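# Architecture at a glance
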Amino acid sequence: MSSLLHYVRHIVPGAFRATISMLAPTPSACLTCSRTYRESRSQAQGGLDDSIVFQRLCPECRSSIPWITRIACRVCGRPGPCGDCKRRLDSAFVCNRSAVSYDEAIRGWLALYKYRGHEALGQLLGEMLHAAYVRMYSELAQRQANFRFDAAIPVPLSDARLLERGFNQAEQLATAVAVRNQLPLVRALRRTRHSDKQSYKTRGARLSSTRNLFAAEEAALRPLVGLLNDEAVIMNRALRLLIVDDIYTTGSTVDACARAILDTMQRDYPGIHTEIYVLTLARS
Ligand SMILES: [Zn+2]
Ligand SMILES: [Zn+2]
């Protein structure tokens, strides 16, 4: 067979098929529900339209994401009426913002990610948190000129849980946000003891069990103070730190984290005003 004939008979139809399949949407399996769907670019509500990982969700899963787009409590970012923040008058953090409500779907996604180490899902959750970061940042920048965060700080796991799980989900989420926004990721917190699973506790037990659960890493805070350049010191600008966690329930965990950092900063650097902000993936 001449090479031209071979080309026409074998290569061309293959190339033709490849072209056709590039034009027609290919069926893919959804990242979270595993259903097969055909790719179509739908409008996302959370600003994730261009995210490649977001396109790996089927249209149903995409549209079921319970984005928090409207908040009622300016402190904790709750979409409905809030009693927690009224009760907690001495909140150690300025405000929390969360990407989504903690519903059944998100609970399932987080479980797949945390307990099965589903890596692609981790990327998706990182994208979702980044979308919440962008919204939070623009809200704060509207209120305050020259607003910026100086570092992202993950809520640490206990050593026992880190060993059991192999990774800290809060640190992976914080890394996703830090990398996209050129923020230093600083491990400025450690757990002082292993706490029991928060999810099994009543609200009151949860609030008291987090007291003194965290301590600040002085060695990690020192370079952060160095980050405040002379201009910031002259302008009396605050050191602004962003604590990152996966779930916000009563706020007692992140409040204990913020309290540990504030206490250490006030003791070691009384001249520096520190503001702690919180970004979480989901809130109940
Ligand atoms: Zn799906
Ligand atoms: Zn609140």
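Please refer to the structure higher up on the page.
Notes on the structure follow. (Residues numbered from 1 in each chain as written. Chains lettered and ligands numbered in written order. Predicted model: local features only at pLDDT ≥ 70, side-chain atom pairs only at ≥ 80, totals over all residues. Heavy atoms only, no water.)

## Examining the overall build of the protein chain
Heads up, the rule is: What counts as a helix is a DSSP run of H or I of at least four residues, what counts as a strand is a run of E of at least two, and both are numbered from the N terminus. In this scheme, a residue with accessible area under 20% of its type's maximum is buried, one over 50% is exposed, and one in between is partly exposed, where area comes from a 1.4 Å probe on protein chains only. Areas reported here follow the Shrake-Rupley algorithm with a probe of radius 1.4 Å; residue values treat only the protein chains shown as occluding.
Across its full length, the protein chain carries 11 helices and eight strands. Out of the 284 residues belonging to the protein chain, those deemed buried represent 48%. Accessible surface for the protein chain amounts to roughly 15200 Å². Of this, 54% is attributable to carbon and sulfur atoms.

## Examining the coordination of the zinc ion (ligand 1)
Our working rule: In this analysis a donor is any N, O or S atom within 2.8 Å of a metal ion (3.2 Å for sodium, potassium and calcium), and since water is not included, sites may seem incomplete. Note on geometry labels: four donors, all angles 85 to 135 degrees, give tetrahedral; four donors become square planar and six octahedral when opposite donors are over 155 degrees apart and every other angle is between 65 and 115; remaining cases are irregular.
The protein atoms that coordinate the zinc ion (ligand 1) are C30 (SG), C33 (SG), C58 (SG) and C61 (SG), at distances spanning 2.3 Å. Geometry at the zinc ion (ligand 1) is tetrahedral, judged from the four donor atoms that bind it and their angles of 104 to 115° at the metal. When the donor residues of the zinc ion (ligand 1) are listed from N- to C-terminus, their spacing reads C-x2-C-x24-C-x2-C. With C33 in the loop between β1 (27–29) and β2 (36–38) and C61 in helix α2 (residues 59–64), the pair connects residues that are 28 residues apart, well separated along the chain.

## A closer look at the environment of A256
Definition in use: Any two residues having at least one pair of non-hydrogen atoms within 4.5 Å are treated as being in contact.
By secondary structure assignment, the location of A256 is in helix α11 (residues 252–268). For the pair A256 and M136, spaced 120 residues apart in sequence, the C-alpha to C-alpha distance is 21 Å. Sequence-distant contacts of A256, defined by excluding residues within four places in its chain, comprise T210 and F214.

## A short note on the sheet that holds strand β7 (residues 239–248)
Quick reminder of the rule: By the convention used here, strands pair only if DSSP detects at least 2 bridges between them. Think of each axis as a best-fit line through the C-alpha atoms, taken over the contacting stretch in the case of a helix, with angles from 0 to 180 degrees between the N-to-C directions.
Within the open sheet, the four strands sit side by side as β3-β8-β7-β4. Their pairing is parallel. Lying at the two open borders of the sheet, with one neighbouring strand each, are β3 (96–101) and β4 (151–154). Strand-to-strand twist of the sheet, defined as the mean angle between neighbouring strand axes without regard to direction, takes the value 20°. Across nine bridges, β7 lies against strand β8 (residues 274–283) in parallel orientation.

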